[in-house]
Amino acid sequence: MSTENLPQSPEQPSRKPRVAVVFGGRSSEHGISVVTAGAVLRAIDRTKYDVLPIGITRDGRWALTADEPDRMAITERRTPSVDELAESHEGGVVLPVDPANREVVYSEPGSVPKALGEVDVVFPVLHGPYGEDGTLQGLLELSGVPYVGAGVLASAVGQDKEYMKRVFTSFGLKVGPYVVIRPREWQQDEPGARRKIAEFAGEHGWPLFVKPARAGSSIGITKVDDPSGLDEAIAEAQRHDPKIIVEAALRGREIECGVLEFEDGPRASVPAEIPPPDAHAYYDFEAKYIDSTPGLVPAPLTAEETAEVQRLAVDAFEAASCEGLVRADFFLTEDGEFVINEINTMPGFTPISMYPQMWQASGIGYAELVDRLVQAALRRSTGLR
(Lines give C-alpha, C1' and ligand atoms only; values in the text may rest on other atoms or scores of the structure.)
Protein backbone atom coordinates (compact mmCIF):
# COMPACT_ATOMS: atom_id res chain seq x y z
CA MET A 1 0.00 0.00 0.00
CA SER A 2 1.38 3.40 -0.94
CA THR A 3 1.91 5.94 1.82
CA GLU A 4 2.42 8.85 -0.57
CA ASN A 5 -0.97 10.47 0.01
CA LEU A 6 -1.28 9.78 3.73
CA PRO A 7 -0.99 12.75 6.08
CA GLN A 8 2.58 13.11 7.37
CA SER A 9 3.45 13.69 11.02
CA PRO A 10 5.22 16.97 11.63
CA GLU A 11 8.95 16.56 12.18
CA GLN A 12 9.97 16.72 15.80
CA PRO A 13 12.57 19.38 16.47
CA SER A 14 15.90 17.76 17.28
CA ARG A 15 17.16 18.60 20.74
CA LYS A 16 20.63 19.85 21.52
CA PRO A 17 23.13 17.30 22.88
CA ARG A 18 23.18 17.38 26.68
CA VAL A 19 26.59 17.65 28.33
CA ALA A 20 27.03 16.82 32.01
CA VAL A 21 30.09 18.61 33.36
CA VAL A 22 31.23 16.53 36.35
CA PHE A 23 33.75 18.12 38.72
CA GLY A 24 35.08 18.27 42.28
CA GLY A 25 35.70 14.80 43.64
CA ARG A 26 37.34 13.11 46.58
CA SER A 27 40.98 13.79 45.74
CA SER A 28 43.25 16.52 47.07
CA GLU A 29 42.83 18.24 43.69
CA HIS A 30 39.14 18.93 44.39
CA GLY A 31 39.47 22.72 44.31
CA ILE A 32 41.40 22.86 41.03
CA SER A 33 38.75 20.63 39.46
CA VAL A 34 36.07 23.15 40.48
CA VAL A 35 38.11 25.98 38.94
CA THR A 36 38.47 23.97 35.73
CA ALA A 37 34.72 23.30 35.65
CA GLY A 38 34.01 27.01 35.95
CA ALA A 39 36.17 27.70 32.92
CA VAL A 40 34.51 24.94 30.88
CA LEU A 41 31.00 26.07 31.87
CA ARG A 42 31.86 29.62 30.90
CA ALA A 43 33.23 28.57 27.50
CA ILE A 44 30.82 25.87 26.34
CA ASP A 45 28.49 26.98 23.54
CA ARG A 46 24.99 27.16 25.05
CA THR A 47 23.42 27.61 21.61
CA LYS A 48 24.85 24.22 20.65
CA TYR A 49 24.62 22.22 23.91
CA ASP A 50 22.41 21.90 26.95
CA VAL A 51 24.58 21.79 30.06
CA LEU A 52 24.09 20.03 33.39
CA PRO A 53 26.69 20.82 36.10
CA ILE A 54 27.19 17.96 38.58
CA GLY A 55 29.60 18.37 41.48
CA ILE A 56 31.07 15.59 43.57
CA THR A 57 31.71 16.63 47.16
CA ARG A 58 34.88 15.78 49.04
CA ASP A 59 33.05 12.93 50.74
CA GLY A 60 31.81 11.51 47.42
CA ARG A 61 28.20 12.74 47.21
CA TRP A 62 27.04 13.64 43.70
CA ALA A 63 25.32 17.02 44.00
CA LEU A 64 23.23 19.16 41.70
CA THR A 65 25.08 22.47 41.60
CA ALA A 66 24.45 26.01 40.52
CA ASP A 67 25.45 26.85 36.94
CA GLU A 68 27.42 29.87 38.12
CA PRO A 69 30.97 29.84 36.73
CA ASP A 70 31.89 33.11 38.43
CA ARG A 71 31.64 31.36 41.82
CA MET A 72 34.16 28.71 40.70
CA ALA A 73 37.31 30.79 40.87
CA ILE A 74 40.28 31.09 43.19
CA THR A 75 39.65 33.98 45.55
CA GLU A 76 42.04 35.28 48.18
CA ARG A 77 44.42 32.37 47.44
CA ARG A 78 41.66 29.86 48.26
CA THR A 79 40.16 27.32 45.88
CA PRO A 80 36.36 26.80 45.74
CA SER A 81 34.50 23.63 46.70
CA VAL A 82 31.40 21.76 45.55
CA ASP A 83 29.82 22.12 49.00
CA GLU A 84 29.67 25.87 48.41
CA LEU A 85 27.89 25.37 45.09
CA ALA A 86 25.52 22.48 45.90
CA GLU A 87 21.83 23.32 45.70
CA SER A 88 21.18 20.96 48.62
CA HIS A 89 23.36 19.42 51.31
CA GLU A 90 21.31 16.23 51.29
CA GLY A 91 20.14 15.65 47.72
CA GLY A 92 22.05 13.41 45.36
CA VAL A 93 22.38 12.88 41.61
CA VAL A 94 22.34 9.32 40.27
CA LEU A 95 23.63 8.29 36.86
CA PRO A 96 21.94 5.34 35.14
CA VAL A 97 23.66 1.96 35.14
CA ASP A 98 21.52 0.64 32.29
CA PRO A 99 23.07 1.34 28.87
CA ALA A 100 19.55 1.58 27.42
CA ASN A 101 18.69 4.49 29.72
CA ARG A 102 20.73 7.70 29.96
CA GLU A 103 18.33 9.58 32.22
CA VAL A 104 19.86 11.26 35.25
CA VAL A 105 17.79 11.31 38.45
CA TYR A 106 17.95 13.69 41.40
CA SER A 107 16.56 12.73 44.79
CA GLU A 108 16.31 14.19 48.27
CA PRO A 109 15.31 12.37 51.47
CA GLY A 110 11.50 12.27 51.80
CA SER A 111 10.88 13.54 48.26
CA VAL A 112 9.89 11.86 45.02
CA PRO A 113 12.95 11.45 42.75
CA LYS A 114 13.02 13.96 39.91
CA ALA A 115 14.18 13.07 36.39
CA LEU A 116 16.72 15.57 35.06
CA GLY A 117 16.61 14.27 31.51
CA GLU A 118 18.99 12.23 29.40
CA VAL A 119 22.71 12.92 29.19
CA ASP A 120 24.42 12.46 25.85
CA VAL A 121 28.02 12.99 26.95
CA VAL A 122 29.90 13.53 30.19
CA PHE A 123 32.77 16.01 30.45
CA PRO A 124 34.65 14.75 33.53
CA VAL A 125 36.96 17.53 34.66
CA LEU A 126 38.11 15.64 37.75
CA HIS A 127 41.76 15.52 38.70
CA GLY A 128 43.46 12.79 40.71
CA PRO A 129 42.10 9.57 42.26
CA TYR A 130 38.37 8.77 42.15
CA GLY A 131 37.87 10.52 38.84
CA GLU A 132 40.91 10.85 36.59
CA ASP A 133 42.22 7.35 37.37
CA GLY A 134 39.73 5.19 35.45
CA THR A 135 37.16 4.80 38.25
CA LEU A 136 34.65 7.27 36.82
CA GLN A 137 35.47 6.12 33.31
CA GLY A 138 34.55 2.56 34.30
CA LEU A 139 31.22 3.75 35.69
CA LEU A 140 30.47 5.59 32.46
CA GLU A 141 31.40 2.53 30.40
CA LEU A 142 28.93 0.46 32.45
CA SER A 143 26.30 3.15 31.92
CA GLY A 144 26.96 3.35 28.19
CA VAL A 145 27.41 7.12 28.35
CA PRO A 146 30.11 8.65 26.10
CA TYR A 147 32.65 10.86 27.83
CA VAL A 148 35.49 13.22 27.11
CA GLY A 149 39.04 11.99 27.46
CA ALA A 150 40.93 8.78 28.11
CA GLY A 151 39.32 5.41 28.72
CA VAL A 152 39.72 3.14 31.74
CA LEU A 153 43.18 1.75 30.98
CA ALA A 154 44.78 4.98 29.80
CA SER A 155 43.29 6.90 32.74
CA ALA A 156 44.68 4.36 35.22
CA VAL A 157 48.11 4.32 33.55
CA GLY A 158 48.18 8.10 33.39
CA GLN A 159 47.41 8.37 37.10
CA ASP A 160 50.00 5.91 38.39
CA LYS A 161 53.48 7.35 37.90
CA GLU A 162 55.16 3.96 38.30
CA TYR A 163 53.16 2.10 35.68
CA MET A 164 53.16 5.12 33.38
CA LYS A 165 56.95 4.97 33.36
CA ARG A 166 56.92 1.21 32.83
CA VAL A 167 54.64 1.59 29.81
CA PHE A 168 56.76 4.37 28.34
CA THR A 169 59.95 2.37 28.79
CA SER A 170 58.38 -0.63 27.04
CA PHE A 171 57.62 1.61 24.04
CA GLY A 172 61.15 2.99 23.90
CA LEU A 173 60.50 6.37 25.50
CA LYS A 174 63.25 7.51 27.84
CA VAL A 175 62.33 8.15 31.49
CA GLY A 176 64.42 9.39 34.41
CA PRO A 177 65.70 7.26 37.30
CA TYR A 178 63.13 6.44 40.00
CA VAL A 179 62.37 4.05 42.82
CA VAL A 180 58.94 3.09 44.19
CA ILE A 181 57.98 2.32 47.78
CA ARG A 182 54.74 0.39 48.02
CA PRO A 183 52.53 0.46 51.15
CA ARG A 184 53.34 -3.15 52.07
CA GLU A 185 57.07 -2.50 51.87
CA TRP A 186 56.74 0.45 54.24
CA GLN A 187 54.45 -1.41 56.65
CA GLN A 188 56.39 -4.67 56.78
CA ASP A 189 60.00 -3.46 56.52
CA GLU A 190 60.34 0.28 57.00
CA PRO A 191 64.14 0.09 57.59
CA GLY A 192 64.49 -1.84 54.34
CA ALA A 193 62.42 0.76 52.48
CA ARG A 194 64.62 3.52 53.88
CA ARG A 195 67.75 1.66 52.79
CA LYS A 196 66.26 1.37 49.30
CA ILE A 197 65.86 5.15 49.13
CA ALA A 198 69.34 5.74 50.61
CA GLU A 199 70.91 3.45 48.02
CA PHE A 200 69.02 5.27 45.28
CA ALA A 201 70.30 8.63 46.60
CA GLY A 202 73.82 7.22 46.78
CA GLU A 203 73.63 6.25 43.12
CA HIS A 204 71.91 9.36 41.75
CA GLY A 205 72.74 12.07 44.27
CA TRP A 206 70.72 14.88 45.80
CA PRO A 207 68.30 16.56 45.46
CA LEU A 208 65.52 14.00 45.12
CA PHE A 209 61.81 14.52 44.51
CA VAL A 210 59.47 12.54 46.77
CA LYS A 211 55.97 12.25 45.32
CA PRO A 212 52.64 10.53 45.86
CA ALA A 213 52.57 7.90 43.11
CA ARG A 214 48.95 8.64 42.17
CA ALA A 215 48.33 12.36 42.53
CA GLY A 216 48.71 15.47 40.40
CA SER A 217 48.80 19.27 40.42
CA SER A 218 52.16 18.98 42.20
CA ILE A 219 50.28 18.24 45.44
CA GLY A 220 52.24 16.31 48.07
CA ILE A 221 55.57 16.69 46.25
CA THR A 222 58.72 17.70 48.11
CA LYS A 223 62.13 18.56 46.77
CA VAL A 224 64.61 17.03 49.23
CA ASP A 225 68.11 18.48 49.25
CA ASP A 226 69.71 16.15 51.82
CA PRO A 227 68.83 13.19 54.11
CA SER A 228 67.55 15.47 56.89
CA GLY A 229 64.45 16.36 54.89
CA LEU A 230 63.51 12.84 53.87
CA ASP A 231 61.21 11.88 56.77
CA GLU A 232 59.03 14.94 56.39
CA ALA A 233 58.87 14.48 52.61
CA ILE A 234 57.82 10.83 52.91
CA ALA A 235 55.13 11.71 55.45
CA GLU A 236 53.77 14.45 53.19
CA ALA A 237 53.64 12.16 50.14
CA GLN A 238 51.99 9.36 52.13
CA ARG A 239 49.35 11.80 53.34
CA HIS A 240 48.06 11.78 49.76
CA ASP A 241 48.92 8.25 48.68
CA PRO A 242 50.34 5.26 50.62
CA LYS A 243 52.40 4.42 47.54
CA ILE A 244 55.23 6.86 46.89
CA ILE A 245 57.76 7.37 44.13
CA VAL A 246 61.20 8.91 44.56
CA GLU A 247 62.74 10.48 41.47
CA ALA A 248 66.24 11.72 40.73
CA ALA A 249 66.49 15.39 39.82
CA LEU A 250 66.97 15.88 36.10
CA ARG A 251 68.97 18.94 35.14
CA GLY A 252 67.50 20.62 32.14
CA ARG A 253 64.61 22.67 30.80
CA GLU A 254 60.98 21.77 31.52
CA ILE A 255 59.08 21.44 28.23
CA GLU A 256 55.38 20.62 27.85
CA CYS A 257 53.37 19.68 24.78
CA GLY A 258 49.63 19.24 24.29
CA VAL A 259 48.05 16.45 22.28
CA LEU A 260 44.50 16.67 20.91
CA GLU A 261 42.57 14.00 19.05
CA PHE A 262 41.30 15.15 15.66
CA GLU A 263 39.12 13.21 13.23
CA ASP A 264 42.24 11.80 11.55
CA GLY A 265 44.15 11.05 14.76
CA PRO A 266 46.15 12.82 17.48
CA ARG A 267 48.15 15.95 16.77
CA ALA A 268 50.58 17.91 18.92
CA SER A 269 50.41 21.59 19.80
CA VAL A 270 53.29 23.99 19.83
CA PRO A 271 55.33 23.20 22.96
CA ALA A 272 55.75 25.45 25.98
CA GLU A 273 58.57 25.94 28.45
CA ILE A 274 58.17 26.28 32.22
CA PRO A 275 60.95 28.59 33.43
CA PRO A 276 62.19 28.11 37.01
CA PRO A 277 59.79 30.15 39.22
CA ASP A 278 61.59 32.91 41.13
CA ALA A 279 59.68 32.53 44.40
CA HIS A 280 59.50 28.72 44.49
CA ALA A 281 61.96 25.85 44.72
CA TYR A 282 60.28 24.25 41.69
CA TYR A 283 57.00 24.42 39.71
CA ASP A 284 54.79 23.45 42.66
CA PHE A 285 51.05 23.90 43.36
CA GLU A 286 51.45 27.49 44.55
CA ALA A 287 53.51 28.43 41.50
CA LYS A 288 51.01 26.81 39.12
CA TYR A 289 47.68 27.95 40.47
CA ILE A 290 48.06 30.63 43.13
CA ASP A 291 50.90 32.77 41.81
CA SER A 292 50.24 31.73 38.19
CA THR A 293 53.87 31.53 37.15
CA PRO A 294 53.77 32.24 33.39
CA GLY A 295 55.14 29.77 30.89
CA LEU A 296 56.85 30.58 27.60
CA VAL A 297 54.46 29.80 24.74
CA PRO A 298 55.75 28.78 22.31
CA ALA A 299 58.91 27.40 23.87
CA PRO A 300 62.16 28.89 22.52
CA LEU A 301 63.29 25.69 20.80
CA THR A 302 64.90 25.00 17.46
CA ALA A 303 62.69 23.68 14.67
CA GLU A 304 64.29 20.26 15.12
CA GLU A 305 63.68 20.25 18.88
CA THR A 306 60.06 21.33 18.39
CA ALA A 307 59.42 18.56 15.88
CA GLU A 308 61.07 16.00 18.16
CA VAL A 309 59.07 16.86 21.28
CA GLN A 310 55.84 16.92 19.26
CA ARG A 311 56.64 13.46 17.90
CA LEU A 312 57.42 12.14 21.37
CA ALA A 313 54.22 13.64 22.82
CA VAL A 314 52.11 11.83 20.22
CA ASP A 315 54.13 8.64 20.83
CA ALA A 316 53.33 8.90 24.56
CA PHE A 317 49.64 9.44 23.76
CA GLU A 318 49.61 6.30 21.62
CA ALA A 319 51.73 4.24 24.04
CA ALA A 320 49.23 4.70 26.86
CA SER A 321 46.23 4.18 24.51
CA CYS A 322 44.96 7.69 25.26
CA GLU A 323 41.93 9.37 23.74
CA GLY A 324 40.76 12.95 23.54
CA LEU A 325 43.58 14.92 25.09
CA VAL A 326 46.88 14.69 26.94
CA ARG A 327 49.52 17.06 28.22
CA ALA A 328 52.95 15.48 28.01
CA ASP A 329 55.74 16.85 30.22
CA PHE A 330 59.42 16.48 29.34
CA PHE A 331 62.87 17.53 30.44
CA LEU A 332 65.27 18.70 27.76
CA THR A 333 68.53 17.66 29.35
CA GLU A 334 71.84 19.45 29.05
CA ASP A 335 73.01 16.95 26.43
CA GLY A 336 70.00 17.74 24.22
CA GLU A 337 67.89 14.67 24.95
CA PHE A 338 64.16 14.74 25.72
CA VAL A 339 63.20 12.65 28.78
CA ILE A 340 59.50 12.21 29.45
CA ASN A 341 58.44 12.97 33.01
CA GLU A 342 54.70 12.22 32.86
CA ILE A 343 51.43 12.64 31.01
CA ASN A 344 48.17 14.10 32.29
CA THR A 345 45.05 12.58 30.74
CA MET A 346 42.90 15.42 32.15
CA PRO A 347 45.39 18.27 32.50
CA GLY A 348 44.74 21.53 34.25
CA PHE A 349 42.12 23.15 32.04
CA THR A 350 41.69 26.66 33.39
CA PRO A 351 42.32 29.43 30.83
CA ILE A 352 45.72 30.08 32.45
CA SER A 353 46.68 26.40 32.35
CA MET A 354 49.41 25.40 29.96
CA TYR A 355 47.32 22.95 27.90
CA PRO A 356 44.79 25.56 26.65
CA GLN A 357 47.56 28.13 26.25
CA MET A 358 49.54 25.80 23.99
CA TRP A 359 46.50 25.19 21.80
CA GLN A 360 45.67 28.89 21.75
CA ALA A 361 49.16 29.47 20.34
CA SER A 362 48.47 26.66 17.85
CA GLY A 363 45.36 28.40 16.54
CA ILE A 364 42.61 26.75 18.61
CA GLY A 365 41.01 28.97 21.24
CA TYR A 366 39.56 27.78 24.52
CA ALA A 367 35.90 27.61 23.41
CA GLU A 368 36.83 25.72 20.23
CA LEU A 369 39.01 23.37 22.26
CA VAL A 370 36.08 22.53 24.55
CA ASP A 371 33.83 22.00 21.53
CA ARG A 372 36.33 19.71 19.80
CA LEU A 373 36.62 17.55 22.92
CA VAL A 374 32.84 17.21 23.25
CA GLN A 375 32.46 16.41 19.55
CA ALA A 376 35.21 13.76 19.75
CA ALA A 377 33.39 12.15 22.69
CA LEU A 378 30.07 12.16 20.83
CA ARG A 379 31.70 10.41 17.85
CA ARG A 380 33.12 7.69 20.07
CA SER A 381 31.26 4.64 21.30
CA THR A 382 31.64 3.15 24.75
CA GLY A 383 32.81 -0.43 25.24
CA LEU A 384 35.72 -2.17 23.53
CA ARG A 385 37.15 -0.06 20.71
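As the structure is a computational prediction, the values presented were derived from the model and not from experiment.

1. A short note on the pattern of salt bridges
Okay, so step 1: On inspection of all chains with the given rule, the structure shows 31 salt bridges.
Okay, so step 2: Across the pair R15 and D120 runs a salt bridge whose closest N-O atoms are separated by 2.8 Å. Of this pair, R15 sits in the segment before strand 1 (18-24) while D120 sits in the loop between strand 6 (114-118) and strand 7 (121-124), and the two are 105 residues apart along the sequence.
Okay, so step 3: Overall, R15 belongs to the partly exposed group, its relative accessible area being 47%.

2. Let's talk about empty space enclosed by the protein
Okay, so step 1: Applying the stated rule across the entire model yields 2 cavities of 30 Å³ or more.
Okay, so step 2: In this structure, the largest cavity spans a volume of roughly 80 Å³.
Okay, so step 3: What lines the largest cavity is E29, E132, G158, Q159, K161, M164, A215, G216, E342, I343 and N344.
Okay, so step 4: Among the elements that take part in the lining of the largest cavity, strand 16 (residues 338-344) stands out by supplying 3 residues, more than any other.
Okay, so step 5: The residue inventory of the lining of the largest cavity, partitioned by class, reads 3 nonpolar, 4 polar and 4 charged.
Okay, so step 6: In this model, the second largest cavity occupies a volume close to 60 Å³.
Okay, so step 7: Around the second largest cavity, the lining residues are P124, L126, G131, E132, Q137, V148, G149, A150, S155, T345 and M346.
Okay, so step 8: For the lining of the second largest cavity, the per-class residue count stands at 5 nonpolar, 5 polar and 1 charged.

3. Some remarks on the sheet that holds strand 10 (residues 222-224)
Okay, so step 1: Ordered in space as 8-11-9-10, the 4 strands form an open sheet in which the pairing is antiparallel. With one partner strand each, in any of the chains shown, strand 8 (178-181) and strand 10 form the two edges of the open sheet. Adjacent strand axes in the sheet meet at a mean angle of 25°, parallel and antiparallel pairs treated alike.
Okay, so step 2: Contacts from helix 7 (residues 190-204) reach strand 8, strand 9 (208-212) and strand 11 (244-248), with the element oriented near 175° to strand 8.

4. Considerations on the side chain of E247
Okay, so step 1: Within the secondary structure, E247 sits in strand 11.
Okay, so step 2: Setting aside chain neighbours within four positions, we find E247 in contact with K165, P177, Y178, F200, L208, F209, K211 and N341.

5. Focus: the UniProt feature "active site" (unreviewed entry) in the protein chain
Okay, so step 1: Here, UniProt's "active site" (unreviewed entry) annotation points to E29, S217 and S353. Those annotated residues from the list above that line the largest cavity are E29.
Okay, so step 2: Tracing the sequence through the fold places E29 in the loop between strand 1 and helix 1 (30-43).

6. A look at the sheet that holds strand 1
Okay, so step 1: Read across the sheet, 4 strands follow the order 3-2-1-7 without closing on themselves; strand pairing throughout is mixed. Two strands bound the open sheet, and with one partner strand each, they are strand 3 (62-64) and strand 7. Pairwise comparison of adjacent strand axes, ignoring direction, gives a mean angle of 30° for this sheet.
Okay, so step 2: Across the sheet, helix 12 (residues 366-379) touches strand 1 and strand 7, and the angle it forms with strand 7 is around 130°.

7. Some remarks on the domain arrangement of the protein chain
Accessible area lost upon the coming together of the parts serves often as the stated size of an interface.
Okay, so step 1: Partitioning the protein chain into domains gives domain 1 (18-147), domain 2 (158-175 + 250-363) and domain 3 (178-248).
Okay, so step 2: Inter-centroid distance (C-alpha atoms) of domain 1 to domain 3 is 34 Å.
Okay, so step 3: Across the contact, 4 residues belong to domain 1 and 6 residues belong to domain 3.
Okay, so step 4: Of the roughly 370 Å² buried between domain 1 and domain 3 on both sides combined, carbon and sulfur atoms contribute 50%.

8. Description of the packing of aromatic side chains
Okay, so step 1: If you walk through the whole model with that rule in mind, you get 5 aromatic pairs.
Okay, so step 2: Arranged with centres 6.0 Å apart and planes meeting at 55°, the rings of F262 and W359 form a pair that is tilted. Placement of F262 in strand 12 (residues 252-262) and of W359 in helix 11 (residues 354-361) is noted, with a sequence separation of 97 residues between them.
Okay, so step 3: With a relative accessible area of 3%, W359 lands in the buried category.
Okay, so step 4: Above the face of the Y163 ring, R166 is positioned so that its terminal group lies 5.8 Å from the ring centre.
Okay, so step 5: The residue whose ring lies beneath R267 is F262, and the NZ or CZ to ring-centre distance is 4.0 Å.

9. Overview of helix 1
Okay, so step 1: Over its 14 residues, helix 1 runs 20 Å from end to end, which matches the ideal 20 Å to within 8%, given 1.5 Å per residue.
Okay, so step 2: Most of helix 1 is tucked away: 13 of the 14 residues are buried.

Quick notes on the rules
- Residues numbered from 1 in each chain as written.
- Predicted model: local features only at pLDDT ≥ 70, side-chain atom pairs only at ≥ 80, totals over all residues.
- Heavy atoms only, no water.
- Salt bridge = Lys/Arg side-chain N within 4 Å of Asp/Glu carboxyl O.
- Helix = DSSP H or I, 4+ residues; strand = E, 2+ residues; numbered from the N terminus.
- Buried < 20%, exposed > 50% of the residue type's maximum accessible area, 1.4 Å probe, protein only.
- 1 Å grid on protein atoms, 1.4 Å probe; cavity = no way out; pocket = protein on both sides within 12 Å on 5 of 7 lines; lining within 4 Å.
- Points joined across faces, edges and corners; volume = space filled by probe spheres on them.
- Nonpolar A, V, L, I, M, F, W, Y, C, P; charged D, E, K, R; others polar.
- Pairing = 2+ DSSP bridges.
- Axes fitted to C-alpha atoms, helices over the stretch in contact; angles between N-to-C directions.
- Contact = heavy atoms within 4.5 Å.
- UniProt positions renumbered as here; feature names shortened; annotations may be inferred.
- Domains from an automatic or database assignment.
- Buried area = accessible area lost by both parts, 1.4 Å probe.
- Phe/Tyr/Trp six-rings, centres within 6.5 Å; stacked < 30°, edge-to-face > 60°.
- Lys NZ or Arg CZ within 6 Å of the ring centre and 35° of its normal.
- Expected span 1.5 Å × (residues − 1).

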